[in-house]
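Spelled out from the first residue to the last, the chains are:
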Amino acid sequence: MILVTGGAGYIGSHTVRELRSRGADVVVYDNLVTGHIEAVGDAPFVKGDIFDKDLLVKTFQDYNVDSVVHFAAYSLVGESMTNPAKYYRNNVAGTLSLLDAMLEAGVKYLVFSSSAATYGDTGDGLITEDSPQRPTSVYGQTKLMMEQLMSDYDKAYGMKYVALRYFNAAGAHISGEIGEDHHPESHLIPIILQAALGLRSHIGIFGDDYPTRDGTCIRDYIHITDLADAHIRALDYLKSGGKSTYYNLGNGNGFSVKEVIETARRVTGIDIPAKVEGRRAGDPATLVASSEKIKRELGWDPQFDTLEEIVASAWKWHSSHPHGFAK
């Protein structure tokens, strides 16, 4: 049995759906502060906080859990800069609580939702797993500290982990039944599509004076189902005796904010209004992944590898669920 913390959230719920479609036994553990029970489907669900060590241990024992996929964390870069205490407490101390519960229950496999934010601003080249990790945000710093916790628990207790450093998760399940629904929404593609739906007056572009081809930030976008597939491959790798390691997840192609907006205009057929605003604290100019390591070692191969496909799947969800999971 696999326990998925944060399994009612965006990436967690898509991973749960993908796991179950492949016949895996899954239990979702989420406090529903940012997640949505509607996204869980008919998977077994435990409402609980990651700081509730006793409930975690009980859940591990009741469901005979042998591995964990860990998504439970706060992830707003801007908020992390203005409220660092919230991020260190939840992300770092929360992960410590989870690791201690795993240790007590004898659960020894962990796949962890890390982030490209652990690298910071590395310049224009492709980021590899060996690129320096110098986070420019508190959020990125907490993810780096979470990786360090897992490394130390592996060395001391033999707890094996894979940290997946992903770039910009995007898109929605191909069925259109589940998708992205954050409050507040902070990801670029859903914000653009909310503007297309008239739920926002415009899309704000945070700075157009970066050292990039059109002055706006460049990011690597990866489809949510491809992300889910990578988590499953990482779990299989650990259970077959793999050593603790880390992988980048991205498409290897960078698109600027202006290019994403233009793609959304083509996909939706709507002239989405945009307005340049001031820079946002903690935003590197360029983040583009090299994912050659996971492709080579785990055979991972993104199936949704064009920006048009990613945006189209998101539009299918948002246009049919303009207010997310709310009725």
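Counting starts from 1 at the beginning of each chain's written sequence and moves along it residue by residue. Local features in a predicted model are, by the rule used here, given only for residues with pLDDT of at least 70; side-chain atom pairs are given and counted only at 80 or more, and totals for whole chains, interfaces and linings are based on all residues. Calculation of side-chain values draws on the structure's entire complement of heavy atoms; hydrogens and water are dropped beforehand.

1. Concerning the side chain of H70
So, point 1. The helix count covers DSSP runs of H or I at least four residues long, the strand count covers runs of E at least two residues long, and both are numbered beginning at the N terminus. Along the chain, H70 falls in strand β4 (residues 67-70).
So, point 2. Any N or O atom pair separated by 3.5 Å or less is treated as a polar contact, with the protein-specific requirement of one donor-capable and one acceptor-capable atom, and with residues adjacent in sequence counted only for side-chain atom pairs. At a separation of 2.7 Å, a polar atom in the side chain of H70 contacts the side chain of T5.
So, point 3. Any two residues whose heavy atoms approach within 4.5 Å are treated as being in contact. Leaving out residues up to four positions away in the same chain, H70 has contacts with T5, I50, T95, L98, L110, V111, F112, S113, M146 and M150.

2. Observations regarding the sheet that holds strand β1 (residues 2-5)
So, point 1. Only strands that DSSP links by at least two bridges are regarded as paired with each other. Taken in spatial order, the seven strands line up as β3-β2-β1-β4-β5-β6-β10 in an open sheet, and their pairing is parallel. Edge positions in the open sheet fall to β3 (45-47) and β10 (245-249), since each of these has one partner strand only. Going from strand to strand, the sheet's axes swing by 20 degrees on average, the running direction of each strand aside.
So, point 2. In the sheet, β1 pairs with β4 via four bridges, with the strands oriented parallel. Looking across to β4, one finds that V4 is bridged to V69.
So, point 3. Only the contacting stretch of a helix is used when fitting its axis, a line to C-alpha atoms as for every element, and angles between N-to-C directions run 0 to 180 degrees. Contacting β4, β5 (109-115) and β6 (160-166), helix α5 (residues 138-157) crosses the sheet at an angle of about 160 degrees to β5.

3. Side note on the packing of helix α2 (residues 53-62) against helix α4 (residues 84-105)
So, point 1. Running from amino to carboxyl end, α2 crosses α4 at an angle of 45 degrees, the nearest separation of the two axes being 9 Å. With respect to each other, α2 and α4 are oriented oblique. Two packed elements cross with a definite hand, and for α2 against α4 that hand is right-handed. Of the residues in α4, those touching α2 at K53, L56, V57 and F60 are S97, L98, D100, A101, M102, E104 and A105.
So, point 2. Classifying every residue of the contact of α2 with α4 by side-chain character gives seven nonpolar, one polar and three charged. Orientation categories follow fixed angle ranges, with anything under 35 degrees roughly parallel, anything over 145 roughly antiparallel, 65 to 115 roughly perpendicular, and all other angles oblique. Helix crossings get a hand from a simple test, with the near helix turned counterclockwise from the far one by less than a right angle marking a left-handed crossing and a clockwise turn marking a right-handed one. For this classification, the nonpolar set comprises Ala, Val, Leu, Ile, Met, Phe, Trp, Tyr, Cys and Pro, the charged set comprises Asp, Glu, Lys and Arg, and every other residue, Gly included, is treated as polar.

4. Thoughts on unusual backbone geometry
Most peptide bonds are trans, and most residues other than glycine sit at a negative phi.
So, point 1. The phi angle at L32 is positive, at roughly 60 degrees, despite the residue not being glycine.
So, point 2. Looking at the element boundaries, L32 is found in the loop between β2 (26-30) and β3.
So, point 3. Unusually for a residue other than glycine, N64 sits at a positive phi of about 55 degrees.
So, point 4. Looking at the secondary structure, you find N64 in the loop between α2 and β4.

5. Things to note about the packing of aromatic side chains
So, point 1. The pairing test for Phe, Tyr and Trp rings, Trp by its six-membered ring, is centres within 6.5 Å, and the orientation test on the planes gives stacked under 30 degrees, edge-to-face over 60, and tilted for anything in between. Counting across every chain of the model gives three aromatic pairs.
So, point 2. When the centroid spacing of 5.8 Å and the interplanar angle of 55 degrees are considered together, the rings of Y74 and Y87 count as tilted. You can see Y74 sitting in the loop between β4 and α3 (77-82) and its partner Y87 sitting in helix α4, a full 13 residues away along the chain.
So, point 3. Judged by its relative accessible area of 0%, Y87 falls in the buried class. The cut-offs for exposure are 20% and 50% of the maximum accessible area for each residue type, with area from a 1.4 Å probe on protein chains only; residues under the lower value are buried, those over the upper are exposed, and the others partly exposed.

6. Some thoughts on the environment of A170
So, point 1. Mapping A170 onto the fold places it in strand β7 (residues 168-170).
So, point 2. It is 24 Å that separates the C-alpha atoms of A170 and P211, two residues lying 41 residues apart in sequence.
So, point 3. Those residues in contact with A170 that lie beyond four places of it in its chain are Y10, I189, Y221, I222, H223, I224 and I310.

7. Here's the deal with α4
So, point 1. Helix span, expected: 1.5 Å multiplied by one less than the number of residues in the helix. Over its 22 residues, α4 extends 31 Å from the first C-alpha to the last, a length consistent with the 32 Å expected when each residue adds 1.5 Å.
So, point 2. Buried residues of α4: Y87, N90, N91, V92, G94, T95, S97, L98, L99, A101 and M102, and no others.
So, point 3. Check the buried side of α4 and you find it contacts β1, α2, β4, α3, β5 and α5.
So, point 4. Just downstream of α4 lies G106, where phi reads positive at about 75 degrees.

8. Quick look at the nonpolar core
So, point 1. Each nonpolar core is a collection of buried residues, namely Ala, Val, Leu, Ile, Met, Phe, Trp, Tyr and Cys, held together in the definition by side-chain atoms within 4.5 Å. Ranked by size, the top nonpolar core spans 32 residues in total, and within it V4, I11, L164, L227, L249 and I294 carry the most contacts.
So, point 2. The set of elements that each furnish at least two residues to this core consists of β1, α1 (10-21), β2, β5, β6, α7 (224-239), β10 and α9 (292-298).
So, point 3. The element contributing the most residues to this core is α7, with seven residues.
So, point 4. Apart from residues no more than four positions distant in its own chain, I294 is found in contact with L164, A230, Y247, N248, L249, G299 and W300.
So, point 5. Ranked by size, the runner-up nonpolar core spans 26 residues in total, among them L99, V107, L110 and Y153.

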